[in-house]
Amino acid sequence: MTNTTSEYITVTSNLITNRGWFQVILNYYINGKRQQKWKSLGIKDAVGNKAKAKKKQKEVERQFEEKLNTPTKEIIEENNGANILFQDYLKNWVKLVKPTLELTTYGGYERTVKLISKYFEEQNIKLSELKTSDIQTYYDFLLTTRNIKYNTVRKYHAVIHKSLEDAVRRGLIETNVARNIKHQKNEQYIASYYNKQELENLFEVAKGSFIELHILLATYYALRREEVIGLTFDNINFVDKTISIRHTVTNACVEGHS
């Protein structure tokens, strides 16, 4: 079953045992009516397995909630762009493109779509009636009322532009009205850096703390935070006295989970 309304469906679950096997009961409401679905976890009710079953329960609950709230391509196209509101199209679109994106990229898209949708929920503009002026008004609102930097607005624009390009490709609308937006020049980034005295003060403050080593590595070897966190002992050659950066660790928030 897939959600055919714009209402987000929340799923809860209960863990039970049936004939010696763990099962999960998925609970949710559609149009005010309670629904249930039973699913076996494939885990025996044995000593030491309950923690494993609870972990699997949360995973099944999350995946089922995502499935319920991810519209199929056909559901979106049935509207033919005529009746679907722009904010609803965005929410649907970001879930459709999820399989094509890196997890961190999807997390950024999802967060951006939430912010954009919040504004357009008050406008109630249909996808087929969206104009260049509507998008420009939104950007002006961000720049003047919310005091958001233009570089950030350009990131919002990238998401809107891509979503509308996909709408054109699917035949929901004829043209991408975001193409006509005139961009300002990017604000010049001016990097700041610590002088010798500031570094000595930093080392003194960090001495003995759990981040002292992180600060030393970042300072002496010009490593980024993600590179420092991603270091493991097998990245360090104590004989040749070298450090190899093989992977990074990045935090991403996806569907409310970090």
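Located above this text is the structure these notes cover.
Keep in mind the model is a prediction, meaning the values are calculated, not measured.

A. Unusual backbone geometry, seen in detail. Of note, the phi angle at asparagine 124 is positive, near 50°, even though the residue is not glycine. As for its placement among the helices and strands, asparagine 124 is situated in the loop between helix H4 (103-120) and helix H5 (132-145). Residue asparagine 124 is classed as partly exposed on the basis of its relative accessible area, which comes to 49%. For asparagine 147, which is not a glycine, the phi torsion comes out positive at approximately 55°. By the secondary structure assignment, asparagine 147 is in the loop between H5 and helix H6 (150-169).

B. Seen up close, the sheet that holds strand S2 (residues 21-30). The strand order across the open sheet formed by 3 strands is S1-S2-S3, and the pairing between neighbours is antiparallel. Looking along the sheet, the strands with just one partner apiece sit at the ends: strand S1 (12-18) and strand S3 (33-44). Pairwise comparison of adjacent strand axes, ignoring direction, gives a mean angle of 25° for this sheet. By the bridge criterion, 7 bridges tie S1 to S2 in an arrangement that is antiparallel. Across the sheet, asparagine 18 pairs through a bridge with tryptophan 21, a residue of S2.

C. Structural view of H6. In this model H6 runs 28 Å from its N-terminal to its C-terminal C-alpha over 20 residues, within 8% of the 28 Å that 1.5 Å per residue would give. All buried positions along H6 are accounted for by Tyr150, Val153, Tyr156, His157, Val159, Ile160, Ser163, Leu164, Asp166 and Ala167. Against helix H3 (86-96), H4 and H5 lie the buried residues of H6. Glycine 171 occupies a position one or two residues after H6 and carries a positive phi of about 80°.

Here is what the cut-offs are and how they apply
Every residue gets a number counted from 1 within its own chain, in the order that chain's sequence is written. Side-chain atom pairs in this predicted model are given and counted only at pLDDT of 80 or more, local residue features only at pLDDT of at least 70, and totals for whole chains, interfaces and linings cover all residues. Excluding hydrogens and water, the side-chain figures rest on all heavy atoms present in the structure. Per the convention used, a helix needs a DSSP run of H or I reaching at least four residues, while a strand needs a run of E reaching at least two, with both numbered from the N terminus. In this scheme, a residue with accessible area under 20% of its type's maximum is buried, one over 50% is exposed, and one in between is partly exposed, where area comes from a 1.4 Å probe on protein chains only. Here a strand pair is declared whenever DSSP counts at least two bridges between the two strands. Axis angles are defined between N-to-C directions and span 0 to 180 degrees, where every axis is a line fitted to C-alpha atoms and, for a helix, only to the segment in contact. To estimate the expected span of a helix, subtract one from its residue number and multiply by 1.5 Å. The contact criterion used is simple: two residues touch if any of their non-hydrogen atoms lie within 4.5 Å.

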